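Listed below, chain by chain, are the residues.
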Amino acid sequence: KGKDDFGTIILEPFLTPPRYHLDYRIKQLRLEEFLESFYEENILAGEVDLQLNLTAEGYDMDEIGRTARGYILLTGEDLKLKGIDLDQVIENFSRSQSFNFVDLGAVLLTGPVGVIYTKGLDYYNLVAAGTGDSSRISKFSSRWDVRNGRITAQDVAFATLKNRMAAKGWLSTQLDSLDMTLAVVDK
């Protein structure tokens, strides 16, 4: 699904336990075609370069997932994230963080409940913003380290037309859970 791919796959099934090594690169991987193998709805479009260097051992997929170690590099330019306008969400979030005259009026007229109402609307608008929209991601670069069934974001950054963002955190293949923090980098 890419224009150029090369690498090495080493399978050692007769060792105890069996060992596997993957060192592989794919240039200009077309995300739409790749992701349609996994998901019905396509939310990401464009081309990325993917590099995998992973080693694992084990008799079944659970054991292989637990022992996998290595890294994943993913970079791309001019990607499209469908379904949400990240710049609009960030703008709405920034607005929801400030205390304005509407909030002051709400406090004077209704007490603290007024702030809950006005800020509640801000947060609702933040969550509801962007449905059906899309975001252009002009640059994306990431390094993910793999160890003990956990994929950890080591250096993840991307830029939209208006904002630069970074991410940190992890996702667990074993627990099917994640803990990610997304940060907007200001001037």
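Residues numbered from 1 in each chain as written. Predicted model: local features only at pLDDT ≥ 70, side-chain atom pairs only at ≥ 80, totals over all residues. Heavy atoms only, no water.

1. Structural notes on the pairing of strand E6 (residues 150–159)
Examined bridge by bridge, strand E5 (residues 134–147) and E6 share nine bridges and lie antiparallel to one another. In the sheet register, Ser142 faces E6, and the bridge partner there is Val156. Hairpin connection, E5 to E6: the antiparallel pair is bridged by two residues, and Asn148 has positive phi, about 55 degrees. The pairing of E6 with strand E7 (residues 164–172) spans eight bridges and is classified as antiparallel. Bridge pairing in E7 links Ala157 to Ala166. (Pairing = 2+ DSSP bridges. Helix = DSSP H or I, 4+ residues; strand = E, 2+ residues; numbered from the N terminus.)

2. Some thoughts on the pattern of salt bridges
Summed over all chains, the structure comprises five salt bridges. Measuring nitrogen to oxygen at the nearest pair gives 3.1 Å for the salt bridge that ties Glu33 to Arg30. A salt bridge links Asp145 to Arg143, with the shortest nitrogen-to-oxygen separation between them at 2.9 Å. (Salt bridge = Lys/Arg side-chain N within 4 Å of Asp/Glu carboxyl O.)

3. Some points on the pairing of strand E4 (residues 69–82)
Note: strand E3 (residues 44–57) against E4, eleven bridges, orientation antiparallel. The partner of Leu54 across the bridge, within E4, is Gly70. By the bridge criterion, 13 bridges tie E4 to E5 in an arrangement that is antiparallel. Its bridge partner being in E5, Leu79 is matched across the sheet by Ile137.

4. Looking at the sheet that holds strand E2 (residues 19–30)
Read across the sheet, eight strands follow the order E1-E2-E3-E4-E5-E6-E7-E8 without closing on themselves; strand pairing throughout is antiparallel. The open sheet has two edge strands, strand E1 (4–12) and strand E8 (177–185), and neither has a second partner. Across this sheet, the average inter-strand angle for adjacent strands is 15 degrees, counted without regard to direction. (Axes fitted to C-alpha atoms, helices over the stretch in contact; angles between N-to-C directions.)

5. Considerations on the packing of aromatic side chains
The final tally for this structure, using the stated rule, is one aromatic pair. One residue, Arg143, lies across the ring of Tyr71, its end atom 4.6 Å from the ring centre. Its end group placed over the ring of Trp170, Arg150 keeps NZ or CZ at 3.7 Å from the ring centre. (Phe/Tyr/Trp six-rings, centres within 6.5 Å; stacked < 30°, edge-to-face > 60°. Lys NZ or Arg CZ within 6 Å of the ring centre and 35° of its normal.)

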